[in-house]
Amino acid sequence: MAGTSLLTPSDIRELSNKLGIRPTKTLGQNFVGDGGTVRKIVSHAGVSEGDHVVEIGPGLGSLTLALLEAGAYVSAIEIDTVLAPALPATVTARHDRPERFAVAQFDALKLGQNELAIPPALDTFTPTHLVANLPYNVAVPAILTALEELPSLRIVDVMVQLEVAERLAAQPGSKVYGVPSAKAAWYASATRGPLISRNVFWPVPNVDSALVRLDRRPVPDADRVSVFEVVDAAFSQRRKTLRQALGSWAGTPAQAEEILLRAGIDSTLRGERLSIGDFVAIAQAKTEIAH
Ligand code: SAM
């Protein structure tokens, strides 16, 4: 294993003071100062020697160093204009293969319009893993954007707010099944991982966290944008039946009923009972009826 010195709570304070930063809520900045936690995330993600890993929001570098310690090449995306340029120095000071790391400063939600940085040790970077302690306010769109824009990703393993981890991993029929669950299921099968104590963070957040792992699977043979429109419509009025909830998407409730009949789906159900396969069937039925 390469020589690496992970960040402790006092390192986190010292680095923050040196950079003159105060963690901001708007950017979901809660830094981890616990080696056990970052190693747990890396092992849950199954990262091993030589893997190409994307990290969103490396912050001061806590998880980055654990990924490098496991032998990965890391390309990080950090939005903060003070934190991003400070990372290479931290990696060089604490890890003996700094050429395996590169960082780009941009908003991870704009992944489609920006290039990942390529670690100097590589000619090309083909990410197979996304591993991150995600900023809570953008966790779901960041995951969906990465799965859409980085087709080589096989595994997404991230620490998020417990509630978000549960939503992402929820199955149809569960109380927390909703838009994030259905959209994540388009790309991957999701499983909730272990809980993480809020005390490993600085500052301590007022919510619990958990890991969630998404394993990519082949996407359905359908137009994603049309299917996601059905998902959004079905959950826009959670308590309504599909006939009502899909009314404006279809034109009228009667047209929604016709589409649902063709898709073989009971129009008195609610969106929370439908699998991604059902949403695909509804989008396709609408296209068939229109032609
Ligand atoms: N990975 C570090 C750790 O575990 O200590 C920091 C995690 S902190 C919860 C989230 C990080 O994501 C912060 O560094 C924040 O600046 C960054 N961030 C917030 N919004 C972002 C965005 N849209 N794109 C990229 N990075 C973002």
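Residues numbered from 1 in each chain as written. Predicted model: local features only at pLDDT ≥ 70, side-chain atom pairs only at ≥ 80, totals over all residues. Heavy atoms only, no water.

### Points about the overall build of the chain
Here is step 1: If you tally the helices and strands in the chain, you get 12 helices and 9 strands.
Here is step 2: A globule of 291 residues ought to have a C-alpha radius of gyration of about 19 Å, and the chain, at 21 Å, matches this closely.
Here is step 3: Across the 291 residues in the chain, those meeting the buried criterion constitute 51%.
Here is step 4: Look at the contacts in the chain between residues 6 or more apart in sequence, and 69% of them connect residues 24 or more apart.
Here is step 5: Accessible surface, the chain as shown: approximately 13100 Å² in total, 50% of it carbon and sulfur.
Here is step 6: Averaging the coordinates of the 28 positive side-chain charges in the chain and doing the same for the 31 negative ones gives two points 7 Å apart. (Helix = DSSP H or I, 4+ residues; strand = E, 2+ residues; numbered from the N terminus. Rg over C-alpha atoms; globule rule 2.2 N^0.38 Å. Buried < 20%, exposed > 50% of the residue type's maximum accessible area, 1.4 Å probe, protein only. Contact = heavy atoms within 4.5 Å. Areas by Shrake-Rupley, 256 points an atom, 1.4 Å probe, with all protein chains shown as cover. Lys, Arg positive; Asp, Glu negative; His and termini not counted. Charge placed at Lys NZ, Arg CZ, Asp CG, Glu CD.)

### Re the nonpolar core
Here is step 1: One finds Leu 134, Leu 214, Leu 246, Phe 279 and Ile 282 to be the most contacted residues of the largest nonpolar core, which totals 68 residues.
Here is step 2: When residues of this core are assigned to domains, at least three fall in each of domain 1 (9–216) and domain 2 (224–290).
Here is step 3: In contact with Leu 246, other than residues within four places in its own chain, are Val 230, Ala 233, Ala 234, Ala 256, Leu 260 and Ile 282.
Here is step 4: In this structure, Val 32, Leu 67, Val 131 and Leu 211 belong to the second largest nonpolar core, which totals 33 residues. (Core = buried A, V, L, I, M, F, W, Y, C linked by side-chain atoms within 4.5 Å. Domains from an automatic or database assignment.)

### A word on the pattern of salt bridges
Opposite charge on two side chains permits pairing when their charged atoms draw close.
Here is step 1: This model, assessed by the stated rule, comprises 12 salt bridges.
Here is step 2: Salt-bridge contacts for Arg 224 lead to Glu 148; the nearest nitrogen and oxygen are separated by 3.0 Å. Pair noted here: Arg 224 is in helix H8 (residues 224–236) and Glu 148 is in helix H5 (residues 139–149), with a separation of 76 residues, a long-range link.
Here is step 3: Judged by its relative accessible area of 24%, Arg 224 falls in the partly exposed class.
Here is step 4: Glu 166 serves as the salt-bridge partner of Arg 192, at 3.2 Å between the closest nitrogen and oxygen. One end of the pair, Arg 192, is in strand E7 (residues 188–196); the other, Glu 166, is in helix H6 (residues 162–169), with 26 residues separating them in the sequence.
Here is step 5: Classification of Arg 192 by relative accessible area gives partly exposed; the value is 33%. (Salt bridge = Lys/Arg side-chain N within 4 Å of Asp/Glu carboxyl O.)

### Some thoughts on the packing of aromatic side chains
Here is step 1: Applying the stated criterion across every chain yields a total of 4 aromatic pairs.
Here is step 2: Summarising the aromatic geometry, the rings of Tyr 177 and Phe 235 are spaced 6.0 Å apart at their centres and angled 65° between planes, so their arrangement reads as edge-to-face. Note that Tyr 177 is positioned in the loop between H6 and helix H7 (179–187) and Phe 235 in helix H8, a separation of 58 residues in sequence.
Here is step 3: In textbook terms, an aromatic cluster arises when at least three aromatic residues are bridged by ring pairs, as seen for Tyr 177, Phe 235 and Phe 279. (Phe/Tyr/Trp six-rings, centres within 6.5 Å; stacked < 30°, edge-to-face > 60°.)

### Re the site of the ligand
Here is step 1: Near the ligand, the surroundings consist of 21 residues, among which Val 32, Gly 57, Glu 78, Asp 107 and Asn 133 are the closest.
Here is step 2: A distance of 2.6 Å separates an oxygen atom of the ligand from a polar atom in the side chain of Glu 78.
Here is step 3: Between an oxygen atom of the ligand and a side-chain N or O atom of Asn 133, the distance comes to 2.8 Å.
Here is step 4: Look at the ligand: alone it shows 600 Å² of surface, and the protein chains cover 98% of it.
Here is step 5: Among the secondary structure elements, those contributing two or more residues to the shell around the ligand are strand E1 (31–32) and strand E3 (73–78).
Here is step 6: Looking at side-chain class alone, the shell around the ligand contains 10 nonpolar, 7 polar and 4 charged residues. (Near = heavy atom within 4 Å. Polar contact = N/O pair within 3.5 Å; in protein donor to acceptor, adjacent residues only side chain to side chain. Nonpolar A, V, L, I, M, F, W, Y, C, P; charged D, E, K, R; others polar.)

### Some words on the domain arrangement of the chain
Here is step 1: Taken domain by domain, the chain consists of domain 1 (9–216) and domain 2 (224–290).
Here is step 2: Computed from C-alpha coordinates alone, the two centres of domain 1 and domain 2 are separated by 34 Å.
Here is step 3: Tallying the contact residues gives 12 residues for domain 1 and 15 residues for domain 2.
Here is step 4: Taken over both partners, the interface formed by domain 1 and domain 2 buries close to 1200 Å², and the fraction arising from carbon and sulfur atoms is 66%.
Here is step 5: Area buried by domain 1 at its contact with domain 2 is led by Tyr 177, Lys 183 and Trp 186, which between them contribute 47% of it.
Here is step 6: At the junction of domain 1 and domain 2, the tally comes to 2 salt bridges.
Here is step 7: At the junction of domain 1 with domain 2, the criterion picks out 4 residue pairs in polar contact (both at pLDDT 80 or more). (Buried area = accessible area lost by both parts, 1.4 Å probe.)

### A short note on the packing of helix H2 (residues 35–44) against helix H3 (residues 62–69)
Here is step 1: Running from N to C, H2 and H3 point in directions that differ by 55°, and their axes come no closer than 9 Å. By the angle class used here, H2 and H3 are oblique. The crossing of H2 and H3 is right-handed. The segment H2 lies against H3, with Val 38, Arg 39, Ile 41 and Val 42 engaging Ser 62, Leu 63, Ala 66, Leu 67 and Glu 69. (Axes fitted to C-alpha atoms, helices over the stretch in contact; angles between N-to-C directions. Parallel < 35°, antiparallel > 145°, perpendicular 65-115°, else oblique. Left-handed = near helix turned anticlockwise from the far one by under 90°.)

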